[in-house]
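Understanding the architecture of this molecule
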Amino acid sequence: MRNEHCTHVLGLTHPPIPTVRIGLIGLGNRGLMTLKRYMIIEHVEIKALCEIRPGNLAKGQAVLTQGGHPTAVGYTGKDGWQKMCCNPDIDLIIICTDWLTHTPMATYAMKQGKHVAIEVPAAMTVAECWQLVDTAEHTRRHCIMLENCCYDAFALTTLNMAGKGLFGEIMHAEGAYIHDLRAIYFFDENEGGFHNQWNTAYCMKHTGNPYPTHGLGPICQIMNIHRGDRMNYLVSMSTQQAGMTEYARRTFGEESTEAKQTYLMGDINTTLIHTIKGKTIQLQHCTVHPRPYSRSHTICGTRGFAQKYPVSTIILEDAQSEKTTNETTEELLLRYRHPFTAIIGKEGNRKGVPNEMNYIMDYRLIYCLHHGLPLDMDVYDAAEWSCITELSEQSVLNGSRPVEIPDFTRGAWE
């Protein structure tokens with residue numbers, strides 16, 4: 001589907017919403033955390049909750065009442081989420097379900113006149129990415145992917161510095177999702193695992209980079225992707241699979257069902273992206289090795305360098321010479337701290353929120369809807385960052401051949 005006659009939704013705005021009325025789909029681990037987060041944001045009312053497991057729906061209602069909020073309209077059953085999307089008393093649908101249901105739910109909600117906020121990744125295929133873009137353009141509704149890493153304090157600081165030209169011309173950036181999740185792949189959902197172990201089932205059938213957005217989102221913002229440049233093509237390669245099987249053997253035994261499962265997903269995926277303007281991006285994904293957590297967040301410019309992991313480091317050249325400045329990384333982080341961190345993050349800390357970047361993300365979403373402003377991340381971000389999942393798999397399965405990345409803005413990026 002292509003909405004050739006619809007104009008783009010870059011900078012989309014809507015009239016201010018006095019109180020943003022929310023319907024939340026999915027009350028698993030992430031959904032319940034999301035519910036608790038939005039309960040402390042001003043100008044919000046939780047109007048409806050939807051969950052296929054009645055027990056989790058009850059947990060959600062209990063969270064509301066324990067927090068001093070009225071219970072919400074409850075929806076359950078296979079078509080409960082569709083009924084919720086048709087509720088005229090809802091402005092924003094938040095989707096916290098498994099990956100494969102994100103796009104169908106989001107497109108249906110937009111067609112019912114709702115704005116949508118989707119957990120990461122927003123889509124799993126290029127076709128789904130186009131569905132999100134086409135539907136947002138046709139309905140003129142906001143569609144945001146809730147990529148909280150874009151609100152990380154270090155990422156925001158480097159974004160602020162890049163906007164001031166302190167890195168010079170940024171030529172290369174690196175992002176990653178390196179996180180030892182081996183145990184979670186086999187956990188029961190009551191012990192912190194995923195419903196019906198849907199993530200493990202995905203790894204059995206797919207390869208490539210299934211979770212690119214944590215590392216990619218912040219550096220795309222810094223490199224002005226679809227705001228003056230765009231990703232052009234990628235090449236991707238994966239190692240063979242060994243980590244999951246070895247972990248299962250040690251944990252459950254050689255003859256266990258877990259140990260005998262086969263996975264197409266390689267242990268480590270590395271993807272290289274080339275932009276129209278000749279810049280490069282490196283992404284890496286690894287969740288089955290005992291590696292220290294890292295999102296990399298590396299920025300390489302003609303006059304400066306920044307990297308968050310393993311130790312936060314910023315190096316800048318003096319504006320009048322080729323010598324580096326005498327300011328330490330700590331001094332630079334304080335000097336160029338982003339206003340979102342300095343103001344909103346401080347407010348979150350005062351409220352005792354457990355995750356500052358989640359609070360800033362939630363606050364900004366509601367603030368923009370409440371004031372009728374464009375959102376910080378749009379549907380094109382959601383599509384561009386999510387499409388890497390399928391495109392990296394295509395490249396891996398075809399001997400790491402280059403794969404073109406679509407221009408979801410249809411030329412409007414220029």
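Below you will find a few notes about this structure. Position numbers for residues start from 1 in each chain and track the written sequence from start to end. The predicted nature of this model means local features are confined to residues of pLDDT at least 70 and side-chain atom pairs, given and counted, to a pLDDT of 80 or more, with totals for whole chains, interfaces and linings taken over all residues. The side-chain figures draw on all heavy atoms in the structure; neither hydrogens nor water molecules are used.

It is worth spelling out the pattern of salt bridges at this point. By salt bridge we mean one thing: a side-chain nitrogen of Lys or Arg within 4 Å of a carboxyl oxygen of Asp or Glu. As enumerated under the stated definition, the model contains 21 salt bridges in all. Note that Asp-89 is salt-bridged to Arg-21, the shortest N-O span being 3.9 Å. Within this pair, whereas Asp-89 is found in the loop between helix H3 (80-85) and strand S4 (92-95), its partner Arg-21 is found in strand S1 (residues 20-25), the two being separated by 68 residues in sequence. Glu-254 serves as the salt-bridge partner of Arg-249, at 3.7 Å between the closest nitrogen and oxygen. Exposure categories follow from relative accessible area, calculated using a 1.4 Å probe and restricted to protein chains: below 20% of the type maximum is buried, above 50% is exposed, and the middle band is partly exposed. Note on Arg-249: relative accessible area 43%, which makes it partly exposed. For Glu-254, a relative accessible area of 54% corresponds to the exposed category. What counts as a helix is a DSSP run of H or I of at least four residues, what counts as a strand is a run of E of at least two, and both are numbered from the N terminus.

The next thing to look at is unusual backbone geometry. Comment: phi is negative for the bulk of residues other than glycine, and the bulk of peptide bonds are trans. A cis amide bond, omega -20 degrees, links Val-120 with the succeeding residue Pro-121. That bond from Tyr-309 to Pro-310 is cis: its omega, 0 degrees, falls within 30 degrees of zero. Within the secondary structure, Pro-310 sits in the loop between strand S12 (304-307) and strand S13 (313-316). Backbone geometry places His-226, a non-glycine residue, at a positive phi of 60 degrees. For His-226, the position within the fold is in the loop between helix H9 (213-222) and strand S8 (231-238). With a relative accessible area of 2%, His-226 lands in the buried category. Even without being glycine, Ser-400 reaches a positive phi, approximately 65 degrees. When you line up the elements, Ser-400 lands in the loop between helix H16 (388-397) and strand S14 (403-404).

This paragraph deals with helix H15 (residues 379-386). Counting buried residues along H15, eight of its eight residues qualify, which places the element largely inside the surrounding structure. Among all positions in H15, only Val-379, Tyr-380, Asp-381, Ala-382, Ala-383, Glu-384, Trp-385 and Ser-386 are buried. We call two residues in contact whenever any of their non-hydrogen atoms come within 4.5 Å of each other. Buried-residue contacts for H15 involve helix H5 (126-139), strand S6 (143-145), H9, S8 and H16. Backbone nitrogen of Tyr-380 and a side-chain oxygen of the N-cap are separated by 3.0 Å at the start of H15; the cap is Asp-378. Under the rule applied, a polar contact is a pair of N or O atoms within 3.5 Å (in protein, one hydrogen donor and one hydrogen acceptor; residues adjacent in sequence only if both atoms are side-chain atoms).

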